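Chain and residue survey
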Amino acid sequence: MKKTDLRGKSFSTRAVHAGERVPPADFTPVATPIHPTVGFLYESIDDLDAIFGSRREGYVYQRYANPTVAAFESAMADLEGGEAAFAYASGMAGIHAALLAAGVRAGTSVVAALDVYGATYTLVKNLLTQLGAQARFVDIADLDAVEAALAEMQPAAMIAETISNPLLKVADVPALAALAHRYGAQLLIDNTFASPYLFNPLAFGADYVIHSATKYIGGHGDVLAGVVVTSAENGRKLFELNKLIGSLLGPFEAWLALRGLKTLPLRMHQQSANAARVAGWLEQNPKIGKANYPGLPAHPQHALAQKLMGERGYGGMLSFEIAGADQAQVFRFMESLQLCLPATTLGDIYTLVLHPATSSHRSLSEAERGKIGIRPGLVRLSAGIEAADDIIADLAQALNKSG
Ligand SMILES: Cc1ncc(COP(=O)(O)O)c(C=O)c1O
């Protein structure tokens, strides 16, 4: 595209156009630049028309696609082993879009794992049912119960988390994919806790993989984002939906997510090692009623976790119950922490602690939480990349202070 000729133009016109649209340089930036532009220009309007009509690839309008966002999407498609990826303004937007792309509508149904992230639970239980879909929740570890639910509901989609939030149950993705496909359902796997470093659900039969990129992908607690990775065919459905929903991630956020992604293996390696140390320590601590971590041999699905992802570790997430603690005691414990941060997120370089009953799973009733097993004394911990000894020392002093 030619640079606008500003010779003889007025000050106002030059203020708007001067310095813009310089011809492409003969260098390539090492890192992907941020492209904060809504529109894109082509020499020939035929090119614009061809892109609009999906006859060639390119950019026309930011709600459709943006080069910085596309760079992040292509990195995620590569790491998850998918053909297409789309980035969203949040993990929840990605989950919603994937459910729609999988065909969830009025008159269809969804089978969901009982202990999914609270907002996912509420999206399926409330919003989707208000729109005319039906929902059924099952213990994803009980494959007979899963099959019974699939046979009865004949759902358009089944959704589960690789490692569940906050009870750290492990989904047998290959078995779930076989069951889902037998009953004509698409399998959606939220891979947020495992990250593509530990596990690739598409390789085991999942149809859509979703991440809250806010967590391990971004990794630094400074960007809210989501991403869905899938096949080329499903990708075309998602793209058509995305244009209407308008939930594309912004280029600044995509740049942060792409930058974070580069150190995912290093962070996840350290976080898995730290979580394993902390879980082992908690398991031996008389103040702790129960420690949930897939890397512990005592975890009911340790063998499955080992089979699916044990090669590189078991992730940075764990949860534990402070023996006999009520909500007030958990709050005192969280206030007594000096290093670990009681912030409502996970997957960051910082060690983070959260009380599921009053935050991630607050939107559920007490009875619903009870059914899932989220009791008032349950604490979720996301191991950061600090020294494990310092994390353990902080937990020990806070447990002592909170009685
Ligand atoms: C497992 C899981 N999935 C999805 C989400 C939603 O992600 P976001 O907050 O980016 O919308 C979260 C948020 O905590 C989560 O833990």
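Residues numbered from 1 in each chain as written. Predicted model: local features only at pLDDT ≥ 70, side-chain atom pairs only at ≥ 80, totals over all residues. Heavy atoms only, no water.

As a further point, take the overall build of the protein chain. Regarding its fold elements, the protein chain presents 15 helices and eleven strands. Its C-alpha atoms give the protein chain a radius of gyration of 23 Å, within 12% of the compact-globule value 22 Å for 403 residues. In terms of overall dimensions, the protein chain has C-alpha extents of about 80 × 50 × 35 Å along its principal axes. Here the protein chain holds 403 residues, and 54% of them are scored as buried. Taking all contacts inside the protein chain whose residues are at least 6 apart in sequence as the whole, residues at least 24 apart take part in 74%. Here the protein chain has roughly 17,800 Å² of accessible surface; of this, 55% comes from carbon and sulfur atoms. (Helix = DSSP H or I, 4+ residues; strand = E, 2+ residues; numbered from the N terminus. Rg over C-alpha atoms; globule rule 2.2 N^0.38 Å. Buried < 20%, exposed > 50% of the residue type's maximum accessible area, 1.4 Å probe, protein only. Contact = heavy atoms within 4.5 Å. Areas by Shrake-Rupley, 256 points an atom, 1.4 Å probe, with all protein chains shown as cover.)

What follows deals with the site of the ligand. Every one of the 14 residues lining the ligand counts as a neighbour, but Gly91, Met92, Asp190, Ser212 and Thr214 are closest to it. Here an oxygen atom of the ligand and a backbone polar atom of Met92 are 2.9 Å apart. Note that an oxygen atom of the ligand is positioned 2.8 Å from one of the side-chain N or O atoms of Ser212. If the ligand stood free it would expose 390 Å²; the protein chains cover 92% of that surface. Take the shell around the ligand: its biggest share by element is three residues, from helix H4 (residues 91-101). (Near = heavy atom within 4 Å. Polar contact = N/O pair within 3.5 Å; in protein donor to acceptor, adjacent residues only side chain to side chain.)

Turning our attention to the pairing of strand S5 (residues 186-190). With four of five residues buried, S5 lies mostly within the body of the structure. Handedness of the crossover joining strand S4 (residues 157-161) and S5 through helix H7 (residues 173-182) is recorded here as right-handed. Pairing of S5 with strand S6 (residues 208-212), which is carried by three bridges, proceeds in the parallel orientation. Residue Leu188 lies in a different strand from S6, and its bridge partner there is Tyr208. (Right-handed = clockwise from strand over helix to strand, strands pointing away. Pairing = 2+ DSSP bridges.)

Here the largest pocket is characterised by a volume of approximately 850 Å³. Considering the residues around the largest pocket, the lining is formed by 27 residues, among which Glu57, Gly58, Ala65, Phe86 and Phe239 are closest to the centre. Those elements that provide at least two residues to the lining of the largest pocket are helix H2 (45-52), helix H3 (67-80), strand S1 (84-88) and helix H9 (232-245). Of the residues forming the lining of the largest pocket, the biggest block, six residues, is contributed by H9. A breakdown of the residues in the lining of the largest pocket according to their chemical character gives 15 nonpolar, five polar and seven charged. (1 Å grid on protein atoms, 1.4 Å probe; cavity = no way out; pocket = protein on both sides within 12 Å on 5 of 7 lines; lining within 4 Å. Points joined across faces, edges and corners; volume = space filled by probe spheres on them. Nonpolar A, V, L, I, M, F, W, Y, C, P; charged D, E, K, R; others polar.)

Let us now look at the sheet that holds S4. Strand order in the open sheet formed by seven strands is S1-S7-S6-S5-S4-S2-S3, with mixed pairing between adjacent strands. Every other strand in the sheet has two partners, leaving S1 and strand S3 (134-138) as the edge strands with one partner each. The average angle at which neighbouring strand axes cross in this sheet is 20 degrees, direction not considered. In the sheet, strand S2 (residues 109-113) pairs with S4 via three bridges, with the strands oriented parallel. Across the sheet, Val110 pairs through a bridge with Ala157, a residue of S4. Along the sheet, helix H6 (residues 143-153) contacts S2, S3 and S4; its crossing angle with S3, the most-contacted strand, is approximately 170 degrees. (Axes fitted to C-alpha atoms, helices over the stretch in contact; angles between N-to-C directions.)

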